[in-house]
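Examining the three-dimensional arrangement
Chain by chain, the residues run as shown.
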Amino acid sequence: MSSAPYPATPHALPKDLAATAVDLFGRGRVVSWCEELLAGRAADDDAEWPDIAWLGGTVGWVDYWARTWGARGLLHVGPPDRPAIVLAALEDPAWRVREMSLKVIRRHGLDDPHGRIARLVDDPSERVRVQAWTTLGCTPDARDAAWAAGFRSRSQERVGARER
């Protein structure tokens, strides 16, 4: 874990934590850190970077969470300096990483020259499919009324304990 300061209010909203991290460490450093997390090259307890609590994370969770927190950090402090990292994360095996990366792409208007977003409309995870359609500027209702009705009838995608 880093020797850098720890958030005074670690349970604050992630966007507020990220904004404070930018104030303390600088936007460039926080963006680079988030990109390295998302790329899987930094861990939640990497001493080279700030404490993962600055992104609302906790040390010791399943490894895809560090990638998810990296994407979430970029959502709040981006745009990324290296958009290719975010686009590559659309192929991550963890659906949470794919979903959060789509949110980053949408928020920051990143280009997708290879059509990766469109391929995610058929993702195994319903949450990723919905986010892909949203990122493409569509709503499920506009695309397929039967699919949208099925989506609305389920309150939330069921996730196994190891995904939480």
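Residues numbered from 1 in each chain as written. Predicted model: local features only at pLDDT ≥ 70, side-chain atom pairs only at ≥ 80, totals over all residues. Heavy atoms only, no water.

**Comments concerning the side chain of serine 101**
Turning to its location among the elements, serine 101 is positioned in helix α5 (residues 95–108). Not counting chain neighbours up to four residues away, the residues in contact with serine 101 comprise Leu38, Ala71, Val86, Ala89 and Leu90. (Helix = DSSP H or I, 4+ residues; strand = E, 2+ residues; numbered from the N terminus. Contact = heavy atoms within 4.5 Å.)

**Describing the nonpolar core**
With 41 residues, the main nonpolar core has Trp33 and Leu38 as its most contacted residues. Put simply, the parts of the chain that give this core at least two residues each are α1 (14–25), α2 (27–39), α3 (64–77), α4 (83–88), α5 and α7 (126–135). For this core, the element with the highest residue contribution is α3, accounting for eight residues. With residues near it in sequence (within four places) discarded, leucine 38 still touches Arg67, Gly70, Ala71, Leu74, Ile85, Val86, Ala89, Val97 and Ser101. (Core = buried A, V, L, I, M, F, W, Y, C linked by side-chain atoms within 4.5 Å. Buried < 20%, exposed > 50% of the residue type's maximum accessible area, 1.4 Å probe, protein only.)

**Remarks on the packing of α1 against α2**
Relative to each other, α1 and α2 sit at 125°, their axes nearing to 7 Å. When the axes of α1 and α2 are compared, the pair comes out oblique. Of the residues in α2, those in contact with Ala21, Val22 and Phe25 of α1 are Arg27, Arg29 and Val30. Here the contact of α1 with α2 is built from residues that sort into four nonpolar, no polar and two charged. (Axes fitted to C-alpha atoms, helices over the stretch in contact; angles between N-to-C directions. Parallel < 35°, antiparallel > 145°, perpendicular 65-115°, else oblique. Nonpolar A, V, L, I, M, F, W, Y, C, P; charged D, E, K, R; others polar.)

**Notes on the environment of threonine 135**
Tracing the backbone shows threonine 135 in helix α7. When the C-alpha atoms of threonine 135 and arginine 106 are compared, they prove to be 5.2 Å apart, with 29 residues separating the residues in sequence. Here the side chain of threonine 135 touches leucine 102 through a polar contact of 3.4 Å, landing on its backbone oxygen. (Polar contact = N/O pair within 3.5 Å; in protein donor to acceptor, adjacent residues only side chain to side chain.)

**Overview of unusual backbone geometry**
Omega for the bond connecting glycine 78 with proline 79 falls within 30 degrees of zero, at 15°, which places this linkage in the cis form. Along the chain, the position of proline 79 falls in the loop between α3 and α4.

**Concerning the pattern of salt bridges**
Within this structure, the stated rule accounts for nine salt bridges. Close ionic contact of aspartate 63 with arginine 67 constitutes a salt bridge, the shortest N to O distance being 3.6 Å. In this structure aspartate 63 comes out as exposed when scored by relative accessible area, which is 56%. The partner of arginine 116 in a salt bridge is glutamate 91, with the nearest N and O atoms 3.3 Å apart. With a gap of 25 residues between them, arginine 116 in helix α6 (residues 116–119) and glutamate 91 in the loop between α4 and α5 connect regions that are remote in the sequence. (Salt bridge = Lys/Arg side-chain N within 4 Å of Asp/Glu carboxyl O.)

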